[in-house]
Structures are given as structure tokens and as C-alpha cells.
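Observations on chain architecture
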Amino acid sequence: MAKIGKTILDKRWLAARITEVELDGVQLTTTRPPAGTDSPWMEAVVPGTVLSTLLKNKLIPDPFYGLNNESIIDIADSGRDYYTFWFFTTFHCQPSPNQYVDLNFRAINYSAQVFLNGHKFVLPKGMFRRHSLDVTKILHPDGENKLAVLVYPPDHPGRIPSKGGQGGDHEIGKDVAAQYVQGWDWIIPIRDRNTGIWDEVSLTVTGPVKIVDPHLVSSFFDNYTRVYLHSTMDLVNRSNTVTECSLNVQVTTELDGNTCLIEHIQSKHLSIPPRTRIQYTYPELFFYKPNLWWPNGMGKQSLYNVTISVDVKGNGESDIWNHDFGFRKIESIIDNATGGRLFKVNGHQVFIRGGNWILSDGLLRLSKERYETDIKFHADMNFNMIRCWGGGLAERPDFYHYCDLYGILVWQEFWITGDVDGRGDPVSNPNGPLDHELFLLCARDTVKLLRNHPSLALWVGGNEQIPPEDINNALKDELKLHPYFESSSSSNEDPSRYLDGTRSYVQGSMWDGFANGQGDFSDGPYEIQNPEDFFKDDFYQYGFNPEVGSVGMPVAATIRATMPQEAWKIPLFKKLEGGYVQEIPNPTWEYHKYIPYSKPEKMVHDQILLYGAAPTNLDDFCLKAQLVNYVQYRALLEGWNSRMWTKYTGVLIWKNQNPWTGLRGQFYDHLHDQTAGFYGCRSAAEPIHVQLNLVTYFIEVVNTTSKVLSDVAIEATVWDLEGNCPYYKVFSERLTIPRKKTLPVFEMKYPKSKAPKPVYFLLLKLHRVSDNKVILSRNFYWLHLSGGDYRQLEPYREKKIPLKITSEASMTGSKYVIKMQVHNTSKKPGSNNAADGQKKEIGLIERICSRFSKEKDENMNKKVLEINGTDSGVAFFLHFSVHAAKKEHKEGEDTRILPVHYSDNYFSLVPGEEMSVTLSFQVPSGVTPRVTLNGWNNHYGQNMLCL
């Protein structure tokens, strides 16, 4: 007797090209199975693609390294057979006579033939379609089974034009498949077009009655104190007799790490006719004052586990299904004040700050571990929304699971893009895929797969385009809101009987409250900006920008790890008329879609050259790029913060990350190392934030929370390059910040004062008046006078600022958690160089510096490193990294341990200031980690702590 439930089939797969296998599927799964990894068979990656399998077996070079992708044959040149592959495995399953077994493929690209023990099934087309095969009668009595799957590429893989472009020649748009695979201005073409068994393969064993696609919905009353859980599901009686059964629902919630509270256990008796599929709506369950699910920054992400099981009389448990569920109500309307789309969760407005997402990996090497890192990174940045762009994927349940856990709302688009479905060069076909019914089948199946996730906030028809009229009308009709979610009106129809009904459908990314709302090309821009421009009235005219982008150069170690040495050359800086500079990157950088840090045609001077002479090496270039990354993305979000609810309802940055080793638009690279832009966003998007308006020079406080902020003070200090503090101000006079409000508090008088310094630092702190040790927000700027630059920072690199670094490390298994305390021990300014009346106030700086916990733990390993220095001043742009401790390593060898989650990074400390930074990471077996601290005036390789 087999165990009821699901078994994942992700081990012991083999693969071979169809042209190299002389046998058919019947032979492979009966008399002549592969004997192992003898040619042409090789170890396969399942879930995965043909390219990921070939790469695993070192039959192709890494397509994401250097120019390697150019040496891999494209499907347009090879023909489809070249990327048509057999996948083979064996599994054990021996059900009892009253059990039933299904073989499930959660997604295949693009179509397939399945052979099991000599029996053939044909899987229909569509990259985003689930397949479930009843294989009960063809399993071997001894339980040993042979499975072969012949996977065909998309029908219209297309050809890559010589100029490249958005979606190649757009042929891929004729299929229901991901469109990025023909290349874009941010990614190279994927040579196999992602052909493969790219998502989960499983076996499910049930008794006579099977549970199919339950739909969970919550409805709220009495100001969210009273909630009802609704559920509708299909029940399939696969036996030849009337089945008497009990349908059971159990709802539990986790109280702590080891304790669960059972909220509900209920059972209903059902009688199901033979060989019948029925839809059943379970009586609603009542909850009083449930723990609600909130987006990141608004509250906890409380989740309940809903388990639905069915017991058949005389047979016991027949099937079981469970899902984590969050009680929350999401609303999406067009805001009257701004014209932008406004989101509410549980009745509270959400100011959207997030980014655009393509997919985790361009070869579809998707994993729970990678997804968790990706999504936690977004939570670490204080983001609250991810937009799954229409040229990418209908994201997987694992992606949504981590968005549920970390509170990231998701805008999910279907598979339409303007470039491939109506625009582009050549002009593409506006009628979408050839098979409209297939598109709708995939759309309905995707909705059923994802609809129970509380993080899913919005369905959108396409990117910068709406679907063809018949598809669009069908989606509008089938994804219409239940009256309760549309207008809070009552309805006798149970909301769980809808296909979804709980979240809005918008026909395109520039319609109905996004961009100009009419579908005109009104998102962007996508390049470098003068930071102050983000605050100007004329920067962006509409309430919600779904795409605005900038640069995203990674650190030097990533360039060395992903490109050969000849590609470590930095761009040439070509002087143009008018004083502007054009960057000319090397061919490998250009291939990896490098975006310049200058925009002469937009009158934006090269932002890297603002920091001094043209860089001469990769380390210098990438470090200055990180300075620019930080400034660009912080200014972008702070510009939106400044007009919260008065002009804007939200913004999504183009884009969060790259699914390959690209060099533009990213907060962390494909290897999972963060850029400084990550921490610029983290600062600007914190729920309570103090900031400088770069146009008005007013200090503003941003309160995105639902609570009034009172009893707070703002401290502003200016520091020059000599370590002096020429300006100091504390504003604490009855300061109250309303909920969901940005409030200008006071105007900075520096640099309007006499003899301002051409380059200076500004430190802003928002803290409690009653307890000034509680820092609610800390924000550090480096600034120059109008019309100036940062060239004086170049000699500032030679300053030797003394630091004291204390580390306390704990380890659980392979996971390290390290608390680093960094103290700038340089001399604080005295009365001779402080502004009038400042000596007394400087003492306040000491008192409100963040304090490091002195608590000891038996498992903690404390170490102290003192860095001597004779200069006083700001320890500027410090950043940690974690490496494998090695006595020797080759030039360009990547010793980094990735990923690492930092509570902060790329930070600066004024004289006397301390900061605590927590690092968490996993360490490979046998590796000893070391933590390094580098910075602008803290030289490379100087400071390290081995743990």
C-alpha cells in the first residue's frame, strides 16, 4: 500500500538528444531502458531546461560568462530537433487495489510525449499549463516503473535579428510561452528558448475520492474583528460505486516555533455518485479577531494552515490537501486625488515602493533556496511589491510562498508584451498567440495554481499592451470581482465559487491608474538622472509609475567572477562638445547590457567622474559606481516619498535584479551580492524615514505607517572633510507626524551660511525626545555645492580614520549570525571648530549614538579589531563582505561567501559614532569564513576577522 499524498520526482533523471537515440518511447520504458550515463545519455536537471542539463554535463560553456553565449548554437540555426530531448527516470510506486495514482507535470515547455511502462500520453502545448495523468492501471505490479518524456521546444522559437532587440523577431509571441528568451535590451537570447521540464514532477496517491484545486477566501465584518473562511473545491469519485465520505477542514496557526493552535476542526458527510466530479462549497467557518496578514512594513505576516482531507467509509483517508493562508482583504482603485492606482490592505492605504521582476534565473534553475534569498532581499530593502513582468513567467508557488512569508505584494502579469504583441522592430503581431483558447486555458490554470496566496495582489493582462480583445474580455469576465470585494456590498453567492473574485484585473501595465492610464507610452525613464531631478515637479506627471529605472553596476569581484581578464577593462571616457562625456564600454560589458553613468543627450554629466579623475582600474570604477548607485536609488525613492498621496500612490523600479550576469538595473547581481543601490533603497523605503529634499532643501519626515508619530526630534549635523562640525540643529518643538503623511519640518540653513565647504556630509537622525537612544531613522548624505562636484573626496581616501570593530559570532549547523559593532574612534570636534553654542549640543551626539548590546551568550565568540589612524573625520562608505579564509588564491578568484543578509551596509560613521550591523549566512562544509571591512578611506584587504 502506497502512502497517501505527493512524492516529488526530482532525482535520477537522465537526458539525451532525440537525434542521438534510436529507440522509441515504448522501447525505452519496457525492454531497452538507458543503462546509465553511457553516451548519449547524461545526468539531467529536472526541474530544469535542456541548456541547464548540457551545462551540468559541461557540454556547453556557461552562457552567462563573458561572451560564451555566442559559441552556443541557437535553435534558429540548429533547428528544433537539436533541442528536442528525451528525459528518463525510474520510480517505485505500488498502490493497493483501492488506491489511485496520478503522474503530474506542473509545467513543461513546450509540449511533450510521455511514456510510462510502454504506454503513451500526449501532453498538449503551453508553457504555463499543468498536466495530470491517471496512471493507476499501467503501474507495474512489482512497483518498479520506467518513465520517459520527450520534450519539444516552442513551435515558434524565432530568429535573432542582427541588431538583437526586444523579443528578437517576435515569433515567440505566437506561442503561449515566456517572451524574454529571444533577448531584450537587458538580456541575451536563451539558445534553447527554455525547452524542458522546467517545474515540479510528482506522483500523487489517493483513495477513491480526490480533492482538486480548493479555493480559499476570507470575508470580513465589524472592522475586521469578524471573519469568515469560505472554501470551494472539486471532488472526484474515481470508483465505480457511490462513495460515502466525510470532508474535513482543520485550521491551525503557529503560536511559536514549536506550538500550533487548532482554530477549527469541522467535518461534513457527503455522498458522491460513481465516476463523478462535483463542485462542493464547504460551510463557512467563523473566526473572531484573527491575526491578519499585512504587507512588509505594516505588520506581521500571520499565516494559518488550512488542511482539507477526505475520508471514505471503509477505506480510511482518501486524500489530503493543505495550504498556508493569510486573512487579509486587498482593494485596488483609482485614486481621485492623484489619478494613480491606490492599494488598500485590510482597509489601510499602502504606499507602493517596489520593483519589476523577470525571473530568478534565465536557465530556469529555480530552487526554494534561491527564491527565499531573492524574496528576503526585497523585504530587506523595505519593498512591499514585486511586479512579475509579462515577458517573464507566471511565477511558481515557491516564489509566492516566500512572498507570503516576507510580506511582498505581487502584481502578476499574463504573457503579453507590447514589443512582441504589437510594437517593435519589425512591428510585431498585435493579435497575441495563435491559439487564443490555449492562452485562456493557461491563464485559468495559473489562477487556480496561485489564487490562495495572500501576497497575490493584482492580475494584469500584459506589459505595455493589452491582450487581444477576445482574450481581454474573457479575462475581465472570468476575473471579475465578487460584489463583496468590489463595493463591500452583500451577496448571497459564496465568493469562493468564483475563479478568483478577490483581487482586481487590470488590462495592461499603463492602463487604469498606471502611467497615464490610457496606454500611451508613459512609463520610464530608464537611465542615469541628476539626483535632484527626482524631486522636481516636472519629473513624472502621473500617480503611479510602473517602470522607472537607472544604473546597477555590480562590485568588482562580480566582474572578475563572470568575465575573463580582458573584459576587466573599464569604459573609455570620451569628451564631447558642451563638456559632457560619453562612456564607451568594452565589447563584453556591452554584450552584458552595460548602461552608462552619463547621459549627454539628457544633459546628465557622468556621475562617476564627479568623484575625481577618470578611474584607472576596475576596483576604482566599481567603487565609485556604488557611490552613484546609492545616491541614484535613494533619491528616486525619496523623490516619490516627498509627494506621497499628494502626487503619487506608488512606484516600481525597473528592475530589481537580473536573471543572468547583466550589468544594468539591479539591486543585487546574479551571484546574489548586493550593490550599494540596495542599501540606498533600504534607507529610503523604511516605514518611518527622515530625508533631505534635494530641491527645496527642507528636512522631511515620511510616515507610511498607520499610527501618528509623536514625541520625536530631528537632529541634523554637517561634517566637513577636516572632521569639523560647522552646522548642528535639533528640532524637537512639539513635532508630530500624521499617519500616512510626508511632512516638511524645517529648512537646512547650510550651505546658505557663510563660507560653506564645497563638499560636506550631512547626518540626519530621527529619535524619541523621551529616549534619544531610540533612533527611528538615520540617513547620511554626501553633498556638494550647486554646480560643483565631489572631486575633493579623491584625496580624502588617504585619510586614516581610527576604527574599533567588535564581532560576536554564533553558529547553528552551517548558519552563522555575526553582530559587528563598528566605532569611529576619531576625535570629536571641540569648541574651537564647532559652530557657536555647539559645544553643549555635541554632547547630545554622543548620547544618541546607537548602542551595542552587551549581553553575553555562551555560544558567542567575541573578537575585537583596532585599526589605528591619526586623522579625525568621517569613516566614509564602509562595507562588509564575507569570504572563505584562504592563505593563497589566484588573481580574479572569487572567495566571497554568498548570499549574505546584512542589516545594513555601505554606511558611514561620523567621529565618535557607533553602528551595529548583523550578518547572517550559510557556510559550505569545511570552509572557515572571514569578514572584511572596506571603505572609501579604509583600504582594501586591511581589515579582516576570521571566525
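The rules behind each value
- Residues numbered from 1 in each chain as written.
- Predicted model: local features only at pLDDT ≥ 70, side-chain atom pairs only at ≥ 80, totals over all residues.
- Heavy atoms only, no water.
- Helix = DSSP H or I, 4+ residues; strand = E, 2+ residues; numbered from the N terminus.
- Rg over C-alpha atoms; globule rule 2.2 N^0.38 Å.
- Buried < 20%, exposed > 50% of the residue type's maximum accessible area, 1.4 Å probe, protein only.
- Contact = heavy atoms within 4.5 Å.
- Axes fitted to C-alpha atoms, helices over the stretch in contact; angles between N-to-C directions.
- Parallel < 35°, antiparallel > 145°, perpendicular 65-115°, else oblique.
- Left-handed = near helix turned anticlockwise from the far one by under 90°.
- Nonpolar A, V, L, I, M, F, W, Y, C, P; charged D, E, K, R; others polar.
- Salt bridge = Lys/Arg side-chain N within 4 Å of Asp/Glu carboxyl O.
- Expected span 1.5 Å × (residues − 1).
- Pairing = 2+ DSSP bridges.
- pLDDT = per-residue confidence, 0-100.
- Core = buried A, V, L, I, M, F, W, Y, C linked by side-chain atoms within 4.5 Å.
- Lys, Arg positive; Asp, Glu negative; His and termini not counted.
- Polar contact = N/O pair within 3.5 Å; in protein donor to acceptor, adjacent residues only side chain to side chain.
- Phe/Tyr/Trp six-rings, centres within 6.5 Å; stacked < 30°, edge-to-face > 60°.
- Lys NZ or Arg CZ within 6 Å of the ring centre and 35° of its normal.
- Disulfide = S-S within 2.5 Å.

1. Points about the overall build of the chain
The helix and strand inventory of the chain stands at 14 helices and 45 strands. By the compact-globule yardstick of 30 Å for 947 residues, the chain fits well, its C-alpha radius of gyration being 29 Å. Projected onto its principal axes, the C-alpha coordinates of the chain cover approximately 95 × 65 × 60 Å. Counting only residues that meet the buried cut, the chain has 61% of its 947 residues in that class. For the chain, the share of sequence-separated contacts (at least 6 apart) that also reach a separation of at least 24 residues comes to 73%.

2. Looking at the packing of helix α11 (residues 618-642) against helix α12 (residues 676-684)
Running from N to C, α11 and α12 point in directions that differ by 25°, and their axes come no closer than 7 Å. Relative to α12, the element α11 is oriented roughly parallel. Note on packing geometry: the crossing formed by α11 with α12 is right-handed. Of the residues in α12, those in contact with Gln-626, Asn-629, Tyr-630, Tyr-633, Arg-634, Leu-637, Glu-638 and Asn-641 of α11 are Ala-676, Gly-677, Tyr-679, Gly-680, Cys-681, Ser-683 and Ala-684. Counted by class, the contact of α11 with α12 contains seven nonpolar, six polar and two charged residues.

3. What to know about the pattern of salt bridges
Overall, the coordinates contain 47 salt bridges when judged by the stated rule. Notably, a salt bridge pairs Asp-199 with Arg-106, separated by 2.9 Å at the nearest N-O pair. Of this pair, Asp-199 sits in the loop between β9 (144-152) and β10 (201-206) while Arg-106 is found in the loop between β5 (100-105) and β6 (111-116), placing the two residues 93 residues apart along the sequence. Owing to a relative accessible area of 6%, Asp-199 belongs among the buried residues under this scheme. Residues Lys-174 and Glu-171 are paired through a salt bridge, measuring 3.1 Å at the closest nitrogen-oxygen approach. Within the structure, one salt-bridge network assembled from shared partners comprises Lys-6, Arg-106, Asp-199, Glu-200 and Arg-396.

4. Some points on helix α4 (residues 368-380)
A rise of 1.5 Å per residue sets the reference length of α4, with its 13 residues, at 18 Å; its end C-alpha atoms lie 18 Å apart and thus fit the reference within 8%. Those residues of α4 lying buried are Arg-370, Tyr-371, Thr-373, Asp-374, Ile-375, Phe-377, His-378, Ala-379 and Asp-380. Here the buried face of α4 lies against β21 (352-357), β22 (385-388), α5 (397-406), α12 and β41 (900-902).

5. A short note on the packing of α4 against α5
Where α4 meets α5, the closest approach of the two axes is 9 Å, and the angle between their N-to-C directions is 35°. Crossing hand, α4 versus α5: right-handed. Taking contact as the criterion, the partners of Lys-368, Tyr-371, Glu-372, Ile-375, Lys-376 and Ala-379 in α4 are, on α5, Asp-398, Phe-399, Tyr-402, Cys-403 and Tyr-406. Taken together, the residues that form the contact of α4 with α5 break down as seven nonpolar, no polar and four charged.

6. Details of the sheet that holds strand β43 (residues 914-922)
The strands making up a sheet associate through backbone hydrogen bonding, with each pair oriented either parallel or antiparallel. Pairing is antiparallel in the open sheet, where five strands are placed in the order β39-β37-β38-β43-β41. Every other strand in the sheet has two partners, leaving β39 (861-867) and β41 as the edge strands with one partner each. Geometrically, the sheet is characterised by an average inter-axis angle of 20° between neighbouring strands, direction not taken into account. Pairing analysis gives three bridges linking β41 to β43, with the strands arranged antiparallel. Note that in β43 the partner of Val-900 across the bridge is Phe-921.

7. A closer look at the confidence of the model for the chain
Per-residue confidence for the chain gives a mean pLDDT of 93; residues scoring 70 or more make up 95%. This stretch, residues 831-859, has a pLDDT under 50; its non-local contacts, to residues over four places away or in other chains, come to 50 contacts.

8. As for the nonpolar core
Counting residues in each nonpolar core, the largest one holds 230 residues, and the members touching the most others are Trp-782, Leu-793, Phe-876 and Leu-919. Counting residues per element, this core draws most heavily on α11, at 14 residues. In this view, Leu-919 contacts Tyr-816, Val-817, Ile-818, Met-820, Phe-880, Val-882, Val-900, His-901, Tyr-902 and Val-931; residues no more than four positions away in its chain are not counted. In terms of nonpolar packing, the next biggest core, distinct from the first, is built from 49 residues, Leu-216, Val-306, Phe-327 and Phe-514 among them.

9. Section: the sheet that holds strand β14 (residues 260-272)
Reading across from one edge, β14-β13-β16-β17 is the order of the four strands in this open sheet, with antiparallel pairing throughout. With one partner strand each, in any of the chains shown, β14 and β17 (316-325) form the two edges of the open sheet. With direction set aside, neighbouring strand axes in the sheet form an average angle of 15°. Pairing between strand β13 (residues 243-254) and strand β16 (residues 304-312): nine bridges, direction antiparallel. Within β16, the residue paired with Gln-250 across the bridge is Thr-307.

10. Some words on the side chain of Asp-319
With respect to the helices and strands, the residue Asp-319 is situated in strand β17. Here Asp-319 occupies a buried position and makes no salt bridge, while the nearest side chain of opposite charge, Lys-210, is found at 6.8 Å. A polar contact of 2.8 Å, which involves the side chain of Asp-319, links it to the backbone nitrogen of Ile-211. With residues near it in sequence (within four places) discarded, Asp-319 still touches Ile-4, Thr-206, Val-209, Lys-210, Ile-211, Ile-308, Ser-309 and Val-310.

11. Describing the side chain of Ser-239
With respect to the element layout, Ser-239 can be found in the loop between β12 (226-237) and β13. The exposure class of Ser-239 is buried, given its relative accessible area of 11%. In this structure the side chain of Ser-239 is engaged in a polar contact, spanning 3.1 Å, whose partner is the backbone oxygen of Thr-241. A distance of 3.3 Å separates a polar atom in the side chain of Ser-239 from a polar atom in the side chain of Thr-243. With near-sequence residues (within four places) excluded, Ser-239 lies in contact with Tyr-100, Pro-208, Pro-274 and Arg-275.

12. A word on the packing of aromatic side chains
Scanning the model with the defined rule gives 66 aromatic pairs in all. With centroids separated by 4.4 Å and ring planes inclined at 35°, the aromatic side chains of Trp-411 and Phe-514 adopt a geometry described as tilted. With Trp-411 in strand β23 (residues 409-413) and Phe-514 in the loop between β25 (505-506) and β26 (544-549), the pair connects residues that are 103 residues apart, well separated along the chain. Judged by relative accessible area, Phe-514 falls into the buried class, the value being 0%. For the pair Phe-876 and Trp-936, a centre-to-centre distance of 6.2 Å together with 75° between the ring planes defines the contact as edge-to-face. Of this pair, Phe-876 sits in strand β40 (residues 875-884) while Trp-936 sits in the loop between β44 (929-934) and β45 (944-946); the two residues are 60 residues apart in sequence, bridging distant segments of the chain. With respect to class, Phe-876 is no different from Trp-936; both count as buried. The ring of Tyr-82 carries Arg-17 above its face, with NZ or CZ at 3.9 Å from the centroid. Lying across the ring of Trp-568, Arg-560 places its NZ or CZ 5.5 Å from the centre.

13. Focus: α5
Buried residues dominate α5, accounting for seven of its ten residues. Here α5 has its buried residues at Pro-397, Phe-399, Tyr-400, Tyr-402, Cys-403, Asp-404 and Tyr-406. The secondary structure elements touched by the buried residues of α5 are β21, α4, β22, β23, α6 (436-450) and β24 (456-460). Count one or two residues on from α5 and you reach Gly-407, which has phi positive near 80°.

14. Considering the state of the cysteines
Overall, the coordinates contain zero disulfides when judged by the stated rule. In this model Cys-622 remains outside any disulfide bridge; the closest cysteine sulfur is found in Cys-681, 19 Å from its own. Look at Cys-622 and you get buried, because its relative accessible area is 2%.

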